[in-house]
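Chain residues, written in single-letter form:
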Amino acid sequence: MSAKERTPPAGRGIKRVDLAYVELASSENARDINRDIILELIRSKQPISRADLSRASGLQPSTVSAIAEQLLHEKWITEGALAHRPRGRRPTLLALNDQLVILVADIRPRQAIVALVDLNERFLTRAVVPLVADPERAVDRIVECMKGMRAAHPDRSFEGIGLSMPGRVDPTTQRLILAPNLKWGDFDIKKSMEQKMKLQVELANAANACLLSETWSGRLDRVRDAVLVTVSEGIGSAILANGQIITSRSGLAGEFGHSPIDPNGPVCGCGQRGCWEVFASSNAALRYYAEAVPKAKTLTYHELLHMTEEGDKSAIAAVTRQCTALGRGLRLITAALAPEVILITGDLTASWARFGPIVQRNMEQTMLTGTAPRLAITSDGELSRLRGAAAVVLQRHSGHGNSSQGTQRARTAHPNARKLRRII
Ligand SMILES: [Zn+2]
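Note that this is a predicted model, so its numbers are computed, not measured. (Residues numbered from 1 in each chain as written. Predicted model: local features only at pLDDT ≥ 70, side-chain atom pairs only at ≥ 80, totals over all residues. Heavy atoms only, no water.)

Peer 1: Tell me about the nonpolar core, residues and numbers included.
Peer 2: In terms of nonpolar packing, the biggest core is built from 48 residues, with Ile38, Ile42, Leu53, Leu71, Ile77 and Val104 touching the most fellow members. Once residues within four sequence positions are removed from consideration, Ile77 is found in contact with Leu39, Ile42, Ala68, Leu71, Leu72, Leu94, Ala95, Leu96 and Asn97. Listed in part, the 38 residues of the second largest apolar core include Tyr288, Val319, Cys323 and Trp352. (Core = buried A, V, L, I, M, F, W, Y, C linked by side-chain atoms within 4.5 Å. Buried < 20%, exposed > 50% of the residue type's maximum accessible area, 1.4 Å probe, protein only. Contact = heavy atoms within 4.5 Å.)

Rendered as structure tokens:
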């Protein structure tokens, strides 16, 4: 045997494969990947001709045409406008079908924002629905609002309902399993709403919905590791690790808000004492203010922020204390996950220019080593939960890793083969 024959060929090494979680490379999943790429190119460059899709993707014109026919058949796209060309045949252009719409709701403890959004993420209508404590009656109010929106748009095709929830949702059962600030108990929201609306309902944790909205918009393109933190009545978080949204067992991944900071601290909605969220949420700032000014009337967080802008010293001290706790608590995240980016969303972002540096400073002071992650706020404000809820509906039953449930399981066949996926 010559020396040359004994030397292993250069190139790939070997890799352990968990056979329970893989899909064989087949012509079918190769087609699915190409389909996702064509759909994403249409979404980002619409209106676009088949020839331009072929040039942009590098796929053969015949492959692009076959995928376009499939997407037209599934009604994800439409063809209509003719491209302008100086001479020769004018090709028809492809675009997303914005007749397809999704009903969405951002459910909070005291109110829900209900909206109708199309495939191009345009909001056709939006309404605020005050909620009552009883879950059945609260769902009835949301349903009543959604029925009104449906009746007002009889020409649209309704694809489903997406709900952003202030709690954790089991990806398998779609039941709310942890929502300390909502207190709807074991009520089956999905079943109740599906019976009343006759549309499929998808639930997502609010932080996951926001993170999905960020990935869907492309704002996190090229970022593989990020954490999004929602700061409102409580503190929620969602994790993008290695390009995947992580939900893990029962959808419970990312509950940094309920990490204990001080065993002697105030009682949290989860029943434990001294969780991060009882020091760093909007409710914490309101408590700090009430402790400092016991005779003041009950405020909303918006009012408290407004008072900081007017120079109220007690209000400034209360929000500063909240932001200090928020920044210090980010150590939980930087030490556990070392993300490239931490995104903050919620009411506090309205005063980020003033209070963001306090969060930043406290986060930097608690770093174990190296540089701190980039700290930024989401640009969409309250719309990002609604956009995320719509994306959850569009991505349902996606077999790829970027599904809202973050699973890497083999694709399961579903009677509704129509899928719209955002690729990373
Ligand atoms: Zn807690």
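From this point, things continue past the structure.
Peer 1: Could you give me a rundown of the packing of helix H3 (residues 50-57) against helix H4 (residues 61-73), with the residues and numbers involved?
Peer 2: At a minimum axis separation of 9 Å, H3 and H4 run at an interaxial angle of 120 degrees. As judged from the angle between their axes, H3 and H4 are oblique. The interaxial crossing formed by H3 with H4 has right-handed handedness. Here H3 contributes Arg50, Leu53, Ser54 and Ser57 to the contact with H4, which in turn contributes Pro61, Val64, Ser65, Ala68, Glu69 and Leu72. When its residues are assigned to classes, the contact of H3 with H4 shows 5 nonpolar, 3 polar and 2 charged. (Axes fitted to C-alpha atoms, helices over the stretch in contact; angles between N-to-C directions. Helix = DSSP H or I, 4+ residues; strand = E, 2+ residues; numbered from the N terminus. Parallel < 35°, antiparallel > 145°, perpendicular 65-115°, else oblique. Left-handed = near helix turned anticlockwise from the far one by under 90°. Nonpolar A, V, L, I, M, F, W, Y, C, P; charged D, E, K, R; others polar.)

Peer 1: Describe a nonpolar patch on the surface, naming the residues involved and giving the relevant values.
Peer 2: On the surface, a nonpolar cluster with roughly 270 Å² of combined accessible area is contributed by Val17, Leu19 and Val22. On the secondary structure map, Leu19 appears in the loop between helix H1 (3-6) and helix H2 (27-45). Using a relative accessible area of 71% as the deciding quantity, one classes Leu19 as exposed. (Patch = residues over 30% accessible without salt bridge, like charges linked within 9 Å, V, L, I, M, F, W, Y side chains within 5 Å. Areas by Shrake-Rupley, 256 points an atom, 1.4 Å probe, with all protein chains shown as cover. Salt bridge = Lys/Arg side-chain N within 4 Å of Asp/Glu carboxyl O.)

Peer 1: Any chance you could break down the coordination of the zinc ion for me, citing the residues and the numbers?
Peer 2: Around a metal, the ideal angle is 109.5 degrees if four donors adopt a tetrahedral arrangement and 90 or 180 degrees if six donors adopt an octahedral arrangement. The coordination sphere of the zinc ion contains the protein donors His258 (ND1), Cys268 (SG), Cys270 (SG) and Cys275 (SG), at a distance range of 2.0 to 2.3 Å. Viewed at the metal, the 4 donor atoms of the zinc ion are separated by angles of 103 to 124 degrees, and the geometry they form is tetrahedral. Counting the intervening residues between successive donors of the zinc ion yields the motif H-x9-C-x1-C-x4-C. A relative accessible area of 5% places Cys268 in the buried class. (Donors = N, O, S within 2.8 Å, 3.2 Å for Na, K, Ca; no water. Tetrahedral: all angles 85-135°; square planar, octahedral: opposite > 155°, others 65-115°.)

Peer 1: Which residues make up helix H10 (residues 301-309), and what values do they have?
Peer 2: Listed as buried for H10 are Tyr301, Leu304, Leu305, Met307 and Thr308. Along the axis of H10, the buried positions cluster into a sector of 155 degrees, meaning they face one direction only. Within H10, the exposed residues directed more than 90 degrees away from the buried face are His302 and Glu309. (Arc of directions from axis to C-beta.)

Peer 1: Outline the state of the cysteines, supporting the account with residue identities and numerical values.
Peer 2: Evaluated as defined, the whole model comprises 0 disulfides. Of all cysteine sulfurs, the one in Cys323 lies closest to Cys210, which takes part in no disulfide; the gap is 18 Å. (Disulfide = S-S within 2.5 Å.)

Peer 1: Summarise the sheet that holds strand E4 (residues 111-118); cite the residues concerned and give the values.
Peer 2: An order of E5-E4-E3-E6-E9 is seen for the 5 strands of this open sheet, with the pairing classed as mixed. Each edge of the open sheet is held by one strand with a lone partner, namely strand E5 (123-130) and strand E9 (201-205). When the angles between neighbouring strand axes are averaged without regard to direction, this sheet yields 20 degrees. Pairing of strand E3 (residues 100-107) with strand E6 (residues 157-165), which is carried by 7 bridges, proceeds in the parallel orientation. Pairing of Leu103 across the sheet is with Ile161, part of E6. Packing against the sheet, helix H13 (residues 383-394) makes contact with E3, E4, E5, E6 and E9, and its axis sits at approximately 130 degrees to E3. (Pairing = 2+ DSSP bridges.)

Peer 1: Describe the environment of Ile333, listing the residues and the values that go with them.
Peer 2: With respect to the helices and strands, the residue Ile333 is situated in helix H11 (residues 313-337). A relative accessible area of 0% places Ile333 in the buried class. Each C-alpha atom, one on Ile333 and one on Val229, is 9.8 Å from the other, the two residues being 104 residues apart in sequence. With residues up to four places along the chain from it excluded, the contact list for Ile333 reads Val227, Val229, Phe256, Trp276, Ala338, Pro339 and Ile342.

Peer 1: Explain the packing of aromatic side chains to me, using residue names and the numbers behind them.
Peer 2: Taken as a whole and assessed by the stated rule, the structure comprises 0 aromatic pairs. Lying over the aromatic face of Phe123, Arg126 brings its terminal NZ or CZ to 5.8 Å of the ring centre. Its guanidinium or amino end placed over the ring of Phe158, Arg150 lies 5.5 Å from that ring's centre, counting from NZ or CZ. (Phe/Tyr/Trp six-rings, centres within 6.5 Å; stacked < 30°, edge-to-face > 60°. Lys NZ or Arg CZ within 6 Å of the ring centre and 35° of its normal.)

Peer 1: Give a description of the sheet that holds strand E10 (residues 226-231) that names residues and reports values.
Peer 2: In spatial order, the strands read E12-E11-E10-E13-E14; together these 5 strands make up an open sheet with mixed pairing. The open sheet is flanked by strand E12 (244-246) and strand E14 (374-377), the only strands paired with a single partner. Each strand axis lies, on average, 25 degrees off the axis of its neighbour in the sheet, ignoring direction. Sheet topology places strand E13 (residues 341-346) next to E14; 4 bridges connect them, and they run parallel. Note that in E14 the partner of Val341 across the bridge is Arg374.

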